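These are the residues of each chain, in order.
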Amino acid sequence: MGDSGGSVVSVDVERISFGGKEHHIQTNHGPVSVAVYGDHDKPALVTYPDIALNHMSCFQGLLFCPEAASLLLHNFCIYHISPPGHELGAAPISSNTPIPSVDDLADQVADVLDFFGLGSVMCFGVTAGAYILTLFASKYRERVLGLILVSPLCKGPSWTEWLYSKVTSNLLYYYGMCGLVKECLLQRYFSKEVRGFAELPESDIVQACKSLLDQRQSMNVWRFVQTMNERYDLTEQLKQLQCRTLIFVGENSQFHTEAVHMTSKLDRRYCALVEVQACGSLVTEEQPHAMLIPMEYFLMGYGLYRPSQLDCSPRSPLSPFCISPELLSPESMGVKLKPIKTRLRLEV
């Protein structure tokens, strides 16, 4: 695959994972791994995971949900961007390599789009990944058609989070991906009920996540923690965003307040908040089924439907039009899914 401009070049990795092909791309801000799933002629959906995760550990639950997979894979070619050094089989990043800023990572997303020749895309980020894609949307507004965000960050770290992250960083630096670090990360991702306690064993998804965390290079994770601990407040930039935004947040997420704050700052006409009851931050893994109906109605606003409702595959570019307020009503979004309640910022 050739260079699309600038100094962006790629080495294709012939490793097929669940039908996707992984590309190692040298961007203007360092190398990044992108796993591509689907037909390149379809509209692009770009994903970015949370700290210490990649597409396998952050989006697998959602894409293993048959209805959600049919909705997304029928309508999109999915480009899973991993944070630097978080991809499967990643080598340790040299200690001489500067730690990227959040702006560097957002610009890296733009380099990835340039490499694949993508114009405007749909973005789907989780927590730290939601921050990176929101920052990307604020810097490259013409390149983002819509945002799907899960338990997003949008402000700078509070003193509590900053201190918590510093402790995690020190543990990673001196002890690697030890049991205490994994426990801190699992508390970030999942609700207490899923993590288990004395009377209740931990769930399969937590056990699977632990196994995937063991595969991470601890110093690469440390670098991403350092990057996110230096992030800045995006509140003012949010007011300038013009794309439609769908926000999911778990009722028990550590970042619930931040998601509500973010919703209050976005344009009321184009933003909806879906709160998922009895769930932590990582809704894509803990309760992926709860995301289906809201996503389906959200994508209807772009003329995208599930396969049973559309005979032909959609082609780029997307043509968004106004979403009917009735489609984003609490009754429409939540009546069929008991775990969901909604708070909407939408003017009728």
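Residues numbered from 1 in each chain as written. Predicted model: local features only at pLDDT ≥ 70, side-chain atom pairs only at ≥ 80, totals over all residues. Heavy atoms only, no water.

Where an unreviewed UniProt entry is consulted, the protein chain appears under the name Pollen-specific protein SF21, with the organism given as Urochloa decumbens. Quoted straight from UniProt, the Sequence similarities (unreviewed entry) entry for the protein chain says "Belongs to the NDRG family." (UniProt positions renumbered as here; feature names shortened; annotations may be inferred.)

Draft legend 1. Just the overall build of the protein chain, in detail. A tally of helices and strands in the protein chain yields 15 helices and 10 strands. A burial count over the protein chain gives 57% of its 348 residues as buried. If you sum the accessible surface of the protein chain, you get close to 14400 Å²; carbon and sulfur atoms cover 53% of it. (Helix = DSSP H or I, 4+ residues; strand = E, 2+ residues; numbered from the N terminus. Buried < 20%, exposed > 50% of the residue type's maximum accessible area, 1.4 Å probe, protein only. Areas by Shrake-Rupley, 256 points an atom, 1.4 Å probe, with all protein chains shown as cover.)

Draft legend 2. Structural view of the packing of aromatic side chains. Considering all chains together, one arrives at 10 aromatic pairs under this definition. Taken together, the ring pairs connect Y79, F115 and F116 into an aromatic cluster. (Phe/Tyr/Trp six-rings, centres within 6.5 Å; stacked < 30°, edge-to-face > 60°.)

Draft legend 3. Quick look at the UniProt feature "transmembrane region" (unreviewed entry) in the protein chain. Residues given the UniProt feature "transmembrane region" (unreviewed entry) here are residues 115-137. Across residues 115-137 one finds 52% helix and 26% strand; the C-alpha atoms that close the span lie 18 Å apart.

Draft legend 4. Quick peek at the packing of helix α3 (residues 66-75) against helix α14 (residues 292-300). Running from amino to carboxyl end, α3 crosses α14 at an angle of 20°, the nearest separation of the two axes being 10 Å. When the axis of α3 is compared with that of α14, the two are roughly parallel. In this structure, α3 crosses over α14, and the sense of that crossing is left-handed. Taken together, the residues of α14 that come into contact with α3 (itself represented by E67, A68, L71 and L72) are L292, M295, E296 and L299. For the contact of α3 with α14, a count of residues per class yields 6 nonpolar, no polar and 2 charged. (Axes fitted to C-alpha atoms, helices over the stretch in contact; angles between N-to-C directions. Parallel < 35°, antiparallel > 145°, perpendicular 65-115°, else oblique. Left-handed = near helix turned anticlockwise from the far one by under 90°. Contact = heavy atoms within 4.5 Å. Nonpolar A, V, L, I, M, F, W, Y, C, P; charged D, E, K, R; others polar.)

Draft legend 5. Spotlight on the packing of helix α4 (residues 102-116) against helix α5 (residues 128-139). Direction vectors running N to C along α4 and α5 enclose 70°, while the axes themselves pass 9 Å from each other. Here α4 is positioned roughly perpendicular relative to α5, judged by the angle of their axes. Facing α4, whose interface residues are V102, D103, L105, A106, D107, V109, A110 and L113, α5 presents Y131, I132, L133, L135, F136 and K139. Split into classes, the residues belonging to the contact of α4 with α5 amount to 11 nonpolar, no polar and 3 charged.

Draft legend 6. Spotlight on helix α7 (residues 179-189). All buried positions along α7 are accounted for by V181, K182, C184, L185, L186, R188 and Y189. Where α7 is buried, its residues touch α5, α6 (159-175), α8 (192-195), α9 (204-213) and α13 (283-286).

Draft legend 7. Region of interest: the pattern of salt bridges. This model, assessed by the stated rule, comprises 10 salt bridges. Between K239 and E236 there is a salt bridge; the shortest N-O distance is 3.2 Å. You can call K239 partly exposed: its relative accessible area is 45%. The partner of R269 in a salt bridge is D267, with the nearest N and O atoms 2.8 Å apart. (Salt bridge = Lys/Arg side-chain N within 4 Å of Asp/Glu carboxyl O.)

Draft legend 8. Layout of unusual backbone geometry. We note that A52 has phi near 70°; this positive angle belongs to a residue other than glycine. Of note, A52 is situated in the loop between β4 (44-48) and α1 (55-58). On the basis of relative accessible area, A52 is assigned to the buried category, the value being 0%. Even without a glycine there, the phi angle at S151 is positive, about 45°.

Draft legend 9. Geometry of the environment of E87. Inspection of the secondary structure assignment puts E87 in the loop between β5 (77-81) and α4. Looking at E87, the relative accessible area reads 14%, which means it is buried. At 3.4 Å, the side chain of E87 forms a polar contact with the backbone nitrogen of G85. (Polar contact = N/O pair within 3.5 Å; in protein donor to acceptor, adjacent residues only side chain to side chain.)

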